[in-house]
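# Geometric and topological summary
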Amino acid sequence: MQEPAVRVAELRRVFRVPEREAGLKAAVGSLFRRRHREVRAVDGISFDIAPGEIVGFLGPNGAGKTTTLKMLAGLLQPTGGEARVLGDVPGRRRTGYLRRMALVMGNRNQLHWDLPAADSFDLNRAIYQIPWAEYRSTRAELVDLLDLGDLVTKPVRNLSLGERMKVELAAALLHRPEMLFLDEPTLGLDLTMQRRIRAFVADYNRRYSASVLLTSHYMADVEALCKRVIVIDHGRILFDGDLAALATDLAAYKELAVTIEGDVDLADYGDVRGREGDRVTLRVPKAQAPVVTARLLAEHTVLDLTVEDPPIEDVIELLFSRGVAP
Ligand SMILES: Nc1ncnc2c1ncn2[C@@H]1O[C@H](COP(=O)(O)OP(=O)(O)OP(=O)(O)O)[C@@H](O)[C@H]1O
């Protein structure tokens, strides 16, 4: 059997943070007696990622996503458990490993602010010791795929947020990493740019059979790219599986969107969630969906009717509030 690209077993990271009460007395006291509290950012998580797989890594703020990605990228040492990526232990930070992976953080600028990205690209070529011919061809390919044009010749500080993200991605991928850790790569970008970045990630994955672990607060990113999602909260895995199964398995209700001739009050059929012109969205318990559908069809002139799982955002919210075991 092929070895997984990522193998994580009981991975943990505990931070010790100094604790201090407010006020001068407490401030003076803390000079002599430091109290600490433990934050279990990642609390024993296990999962595998297959080569070439794109997995969405979801969770609310503070769930432990970035801490996990940093451990997998070798930036943070775990306090327990094990991580292997591409057969290597990331925490050892072996050059051989660092040259096969990339961590891209949407909220962190890794390029020189005052220089054009082209200069940072050259610098990365030297750092990663990419042979010139390979560098030129990958660079040309990335410039084309990301539609960078002359953006690479402008100082980074003059670029828009979206343009900056595109050159960031290009810089991070010049060495053609096989493993990508993408932390909110579309953060703050407009819809067109989000779509562009998404298409690029899909393309890169196909072209180089790269594995991708992606965090994003935009469910559209996740739905477009990830067949599988891992959901964490408070450092623990709540769900690991098919994105489609998440809605089917967890949501206790269905959403019926129905257009009916005439003005009819549908409150009797279910929980009315919204109305757009003649189209009404009803939420009904999953088990009752067939009966309600049949009643609507029998009792009214139905012009259009769809039965769907609730939006994935709602399902994930439900998951966080319930804290389902894996
Ligand atoms: N260096 C640190 N020192 C102390 N606590 C930390 C440190 N880094 C992270 N934490 C804590 O660990 C927990 C997990 O943080 P982490 O950044 O991994 O979450 P996240 O899921 O990436 O959240 P977000 O979506 O907000 O980026 C949080 O409670 C955070 O405050």
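Our structure is the block above this text.
What comes next concerns the included structure.

Calculation criteria
- Residues numbered from 1 in each chain as written.
- Predicted model: local features only at pLDDT ≥ 70, side-chain atom pairs only at ≥ 80, totals over all residues.
- Heavy atoms only, no water.
- Pairing = 2+ DSSP bridges.
- Helix = DSSP H or I, 4+ residues; strand = E, 2+ residues; numbered from the N terminus.
- Axes fitted to C-alpha atoms, helices over the stretch in contact; angles between N-to-C directions.
- Contact = heavy atoms within 4.5 Å.
- Buried < 20%, exposed > 50% of the residue type's maximum accessible area, 1.4 Å probe, protein only.
- Lys, Arg positive; Asp, Glu negative; His and termini not counted.
- Salt bridge = Lys/Arg side-chain N within 4 Å of Asp/Glu carboxyl O.
- Polar contact = N/O pair within 3.5 Å; in protein donor to acceptor, adjacent residues only side chain to side chain.

Taken in spatial order, the six strands of this open sheet run S5-S6-S7-S3-S8-S9, and their pairing is mixed. Of all the strands in the sheet, just strand S5 (101-105) and strand S9 (236-242) have a single pairing partner and so form its edges. Going across the sheet, the axis of each strand differs from the next one's by a mean of 15°, ignoring polarity. Here strand S8 (residues 228-233) runs beside S9; their pairing, made up of six bridges, is antiparallel. When the sheet's bridge partners are listed, Asp-233 is paired in S9 with Arg-236. Set on the sheet, helix H9 (residues 243-250) makes contact with S8 and S9; between it and S9 the angle comes to about 105°.

Another aspect to go through is the side chain of Glu-168. By secondary structure assignment, the location of Glu-168 is in helix H6 (residues 161-173). As a buried residue without a salt bridge, Glu-168 has its nearest oppositely charged side chain in Arg-164, at a separation of 5.7 Å. Here the side chain of Glu-168 touches Leu-111 through a polar contact of 3.5 Å, landing on its backbone nitrogen. Dropping the residues within four chain positions of it, Glu-168 is found in contact with Arg-108, Asn-109, Gln-110 and Leu-111.

This part covers the environment of Arg-7. Note that Arg-7 resides in strand S1 (residues 6-19). Overall, the relative accessible area of 41% leaves Arg-7 in the partly exposed class. As a C-alpha pair, Arg-7 and Ala-102 span 95 residues in sequence and 17 Å in three-dimensional space. Setting aside its immediate chain neighbours within four residues, Arg-7 contacts Phe-47, Asp-48, Glu-82, Ala-83 and Arg-84.

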